[in-house]
Amino acid sequence: RPLSGRLLGPHPQVLIIALSNHRATRIHFFDLNNPIPGIQHPRVLFNKERELSDFLAKNWAALPYTKKAGLRFLGTEVRIADNLRIDVLAEQRKTRELVGFELKAAGPTKVIAGQAGLYMKALARKAAREDRRGARLVIVTGQPDELLAEQVQTQAEKYGVPTQWMLYKVSLDLLEPT
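This is a predicted model, so every value here is computed, not measured.

### Focus: the overall build of the protein
The helix and strand tally for the protein stands at four helices and seven strands. Along the protein, from the amino end to the carboxyl end, the secondary structure elements read β-β-α-α-β-β-β-α-β-α-β. Counting the 178 residues in the protein, one finds 38% classified as buried. Excluding contacts between residues fewer than 6 apart, the proportion of contacts in the protein whose partners are at least 24 apart in sequence is 58%. Only carbon and sulfur atoms are counted for the fraction: they give 53% of the accessible area of the protein, which is about 11700 Å².

### Focus on unusual backbone geometry
Excluding glycine, most residues fall at negative phi; most peptide bonds, likewise, are trans. The residue Glu77 is not glycine, and still its phi comes out positive at about 50°. Here Glu77 lies in strand S3 (residues 71-81). A residue is classified by how much of its surface remains accessible, and Glu77, at 35% relative accessible area, is partly exposed.

### Here we look at the sheet that holds S3
One open sheet holds the five strands; their spatial order is S3-S4-S5-S6-S7, and the pairing between them is mixed. Unpaired on one side and paired on the other, S3 and strand S7 (163-167) mark the two borders of the sheet. Pairwise comparison of adjacent strand axes, ignoring direction, gives a mean angle of 30° for this sheet. As paired strands, strand S4 (residues 84-92) and strand S5 (residues 98-104) are joined by four bridges and run antiparallel to one another. If you follow Glu91 over to S5, its bridge partner there is Leu98. Of the strands in this sheet, S3, S4 and S5 touch helix H1 (residues 49-59), which is tilted by about 140° from S5. Packed on one face of the sheet, helix H4 (residues 146-159) meets strand S6 (135-141) and S7 and runs near 155° to S7.

### Some remarks on the packing of aromatic side chains
This structure, assessed with the given rule, holds four aromatic pairs. Ring geometry for Phe46 versus Phe55: centroids 5.5 Å apart, planes at 45°, classification tilted. A relative accessible area of 29% means that Phe55 is categorised as partly exposed. Ring plane angle 35° and centroid distance 5.7 Å describe the contact between Phe46 and Tyr168, whose orientation is recorded as tilted. Placement of Phe46 in the loop between strand S2 (27-31) and H1 and of Tyr168 in the segment after S7 is noted, with a sequence separation of 122 residues between them. What makes Tyr168 buried here is its relative accessible area of 8%. Aromatic rings pair up to connect Phe46, Phe55 and Tyr168 into one cluster.

### Points about H1
Along H1, the residues that are buried comprise Leu52, Ser53 and Leu56. Seen from one end, H1 has its buried residues packed into an arc of 100°, which puts them on one side. In this structure, the buried residues of H1 make contact with S3, S4 and S5.

Basis of the calculations
Residues numbered from 1 in each chain as written. Predicted model: local features only at pLDDT ≥ 70, side-chain atom pairs only at ≥ 80, totals over all residues. Heavy atoms only, no water. Helix = DSSP H or I, 4+ residues; strand = E, 2+ residues; numbered from the N terminus. Buried < 20%, exposed > 50% of the residue type's maximum accessible area, 1.4 Å probe, protein only. Contact = heavy atoms within 4.5 Å. Areas by Shrake-Rupley, 256 points an atom, 1.4 Å probe, with all protein chains shown as cover. Pairing = 2+ DSSP bridges. Axes fitted to C-alpha atoms, helices over the stretch in contact; angles between N-to-C directions. Phe/Tyr/Trp six-rings, centres within 6.5 Å; stacked < 30°, edge-to-face > 60°. Arc of directions from axis to C-beta.

As C-alpha cells, this is what we get:
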C-alpha cells in the first residue's frame, strides 16, 4: 500500500518509483514489506497507448491470451458509436461476441470508470445492432489499481457487460545461437 505522511530520510523498507519523467511526474512511495501485486517499473511499459495498440495488432496471432480466448482481430481505433472509438476491437470466433479492449499504456487514471461505462454501453448497442450474442470489455493497463478495478466492475454489473481487468507485460531476450 502507498505510504502516507512524511519521509524524513532514507529508509531501507521504502521503494520510490516515478511513473513518468516530466513536470507532472507522480512519485509513489511503497512499503517493501508489503508490495503491491503486479506493480511494474515504468521502463518496462509502453510510453503511449498507440505504441501498445500497434504492438498488440502486430502480435495478435502470437499472444497466448488471444489464442486461448479464440479472438479474431477486427481493428484498432474502431468507431463503436458516433463519438466513441475503442482502442482495439475483436470478436470471439465461435460466438461472434464483440470484445473491446481499452488500453492504458502506463497506468489507469481516475476517468477509467466513466470511460469504461461509455464503452460498455456502446459495445452492447453495437452487438445488438449487429445481431451478435453480446459484448464484453477488456481493460489492459501497465499498473494495477484495485480501487479503479472495483469501480469498473461496478459499471460492468450496472450495464450487464462482462469486463476483465488485465495487466500487460512485455519482455525481450537476446540469445546466442545454439
